Structure formats: C-alpha cells, structure tokens
Number of protein chains: 2
Amino acid sequence: MIAQTIYTAFDRAGQRITRPRRLIADRLAELAASGADFSLDDLWHDLREQDPHFGRATLYRSIEVLVNQGLLDRITYADGSHRYHVCHDNTHYHLTCVQCRRFVEVDLDVSVEQFASVCHQTNFSLEGLTLTLFGRCARCRNEQGDAPR
Amino acid sequence: MIAQTIYTAFDRAGQRITRPRRLIADRLAELAASGADFSLDDLWHDLREQDPHFGRATLYRSIEVLVNQGLLDRITYADGSHRYHVCHDNTHYHLTCVQCRRFVEVDLDVSVEQFASVCHQTNFSLEGLTLTLFGRCARCRNEQGDAPR
DNA sequence: TTTTCTGCAAACGGTTTGCATCGCT
DNA sequence: AGCGATGCAAACCGTTTGCAGAAAA
C-alpha cells in the first residue's frame, strides 16, 4: 500500500502522523494508482473537499518532505511551473508535451556510468540528474494550430 | 562579434534595435566572453549602471526573445530559480553544483537519435531536451560541512 | 505536559501587465 | 506620422513565514 510507504517517509523525516498528513497520503495513493500528475493547487483543492479548512501552507510543508524523501517527483517545465507525480522508481526520464503538458515516462538507455565518469573527471560528486525531452504530442499537433502553450 | 549576433536575433524576431536592447547586447557580449552565468537581477543591476532608469520589465521582455531565439540558455535549478548564460552551440549539457551553483558545460556522448526514436514511438515531435547533472563540487565538499545550498 | 503541527493571514520575490509617453523607422 | 518599445507602478501568483491555538506523543 502506497499510503503506508508515505507514512514511513514522514516518520523517517521525524514528522508526526497527523490528520492532514493522513489525508495527503491517502490522496497521493489514489493519484499513484491512476498514474496522474498534478499541480499543488490541484491537490490542495482535492484535499479541501475532505477538509474545507485544509491549509495551503500545510500542503507545501508536507510536499517538501516527500520530495526530499524521493517519494514525489517534481517536474519543472520550461516556463518554470511545477507539477508532481508519485515516483515508481528512482531513475526515470520524462517526455513532456510543451503544449498540453501531458507527459509519459520513457525508458532510455542512458549511460549513467558515463555521467559518473564525467563527474569524476570534473571532481564533482554526482547526486542526481534530470533528463526531460520536450516535444509536442500528436493530439496537440493535430489541433488546428492553437497558439502553443 | 556576439553583440552583432544578438542584434540579428532581435531583428529576426521583428524587434527594433533600441538603446536598451543595445545595452543588453553589449553586456551579454561581455558575459559571453567571460563565460559567466548570471541571474536576471545581476544583469539588471549591471544595466542600471549604464542607465539608472533601465526598467526591469524591458529586460524581462528582451530576455524572453533571446531565450526563444536560442541565444540564451535558461537553467532551472532544483529549487525553481533561474540563471542564464549565453549559448555557444545549441546542444549542451550541464553539470551544476547544488551548493554553490557554479556549473560547467560537459561533453556527453548522449544518443540524441535514441531520443528521437523514443519520441517517434510515442508519437511526439522532439523540440528540445534538458539534461542536467546535479552534484557537489570539490570546493564545496571540502568546506567544513556548511549547510547545503 | 511538552513539543510539534496546523490554519490563517500577511509577507515575499520573481515575473507580468496596463498605460501614458518616448523614440525608431 | 505611425507604430512599436519603454519605464513605471501596480498587479499577479506560487510559495514561505510568523504566530497563536490545537493536537500528537
């Protein structure tokens, strides 16, 4: 159960299991099941349906923890906006549509060893990497020339 | 001369060559020569020294054009902040330090054809990609355990 | 009972916009 | 002369913070 994993992540970060965090975990579990990606605002509105007084700040504070714990993936778009999704594994690559923002995770045969070796030569320790392909999906290309984005 | 290239880019975008844009081009030429990366705020302060009334909005409007023209590269950090640098060529990869933010361009043998083929399978048109390696540089690792970032 | 967490509201910081004026062409 | 570009100030929007009260441990 994903909700359990999330409780554990909070615990690992030394955070109490509270009602708001339970609501977050439950909703994230649903989102993980559907594979959907979401903005914090989306998520906040969902949570407000469970509890009309759910605070925005609470959400931001909790999400930060989950991102740091590697449970949530924060995707940054070319315009600087963010969307999130629950991670399946810890290395993955994205292909995202610059117009409608739908994205898929893709399987790339990327040589992480090569990156490690480049880092080593440059005397960096490698702590992470992001690889995002930006493109336009078929649906958006077929729409009658709407202004991009 | 890089400043010339920038004039051309403005022209290609159908924008007049004005005094503020000349100042921007000149300053970017200097920055390109030194290889430095910069924030818009850095750049704005530089420009204010040339002209104390230089408007922020003007800078944002012009930079947007240059980014779209592929002359400037906008780097998005893990925390969502941005820095820029003048591009040397149109495909490059970054290795950036999560602590001090210095970065180097690295030469990676990345198979762009592979990406193109993945996009094709997924029925996306490939319009760009970002690949950034995050790590910690030697200097930051050697400092006495300062709090990261 | 102690400590952490919460919701609220206000602050923040980077970016964008409306508008009257200025200045390229 | 005409239209685009500018500078300014205000608006915006996602995010963070300060705080007093509420809820876990």
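Residues numbered from 1 in each chain as written. Chains lettered and ligands numbered in written order. Predicted model: local features only at pLDDT ≥ 70, side-chain atom pairs only at ≥ 80, totals over all residues. Heavy atoms only, no water.

Draft legend 1. View of the protein's contact with DNA strand C. For DNA strand C, the set of nearby residues contains 20 residues, the closest of which are Arg-21, His-53 and Thr-58 of chain A together with Arg-16 and Tyr-60 of chain B. For DNA strand C, a phosphate oxygen lies 2.8 Å from a polar atom in the side chain of Thr-18 of chain A. In this structure, a phosphate oxygen belonging to DNA strand C sits 3.4 Å away from a main-chain N or O atom of Ile-17 of chain B. Among the secondary structure elements, those contributing two or more residues to the surface near DNA strand C are helix H2 (19-34) and helix H4 (56-68) of chain A together with helix H4 (56-68) of chain B. Top element by residues in the surface near DNA strand C is H4 of chain B. It accounts for four residues. Residues of the surface near DNA strand C, tallied by class, amount to six nonpolar, six polar and eight charged. (Near = heavy atom within 4 Å. Polar contact = N/O pair within 3.5 Å; in protein donor to acceptor, adjacent residues only side chain to side chain. Helix = DSSP H or I, 4+ residues; strand = E, 2+ residues; numbered from the N terminus. Nonpolar A, V, L, I, M, F, W, Y, C, P; charged D, E, K, R; others polar.)

Draft legend 2. Structural detail: the relation of the copies chain B and chain A. Note on the identical chains: chain B maps onto chain A by a rotation of 180° and an axial translation of 0.1 Å, with an RMSD of 0.2 Å. Both copies of the chain, as the preceding transformation shows, are related through a two-fold rotation axis. Identified as the residue of chain B closest to the rotation axis by C-alpha distance is Leu-131 of chain B, at 2.3 Å. Here 100% of the contact residues of chain B are again contact residues in chain A; the copies associate through an equivalent surface. (Least-squares fit on C-alpha atoms with pLDDT ≥ 70 in both. Contact = heavy atoms within 4.5 Å.)

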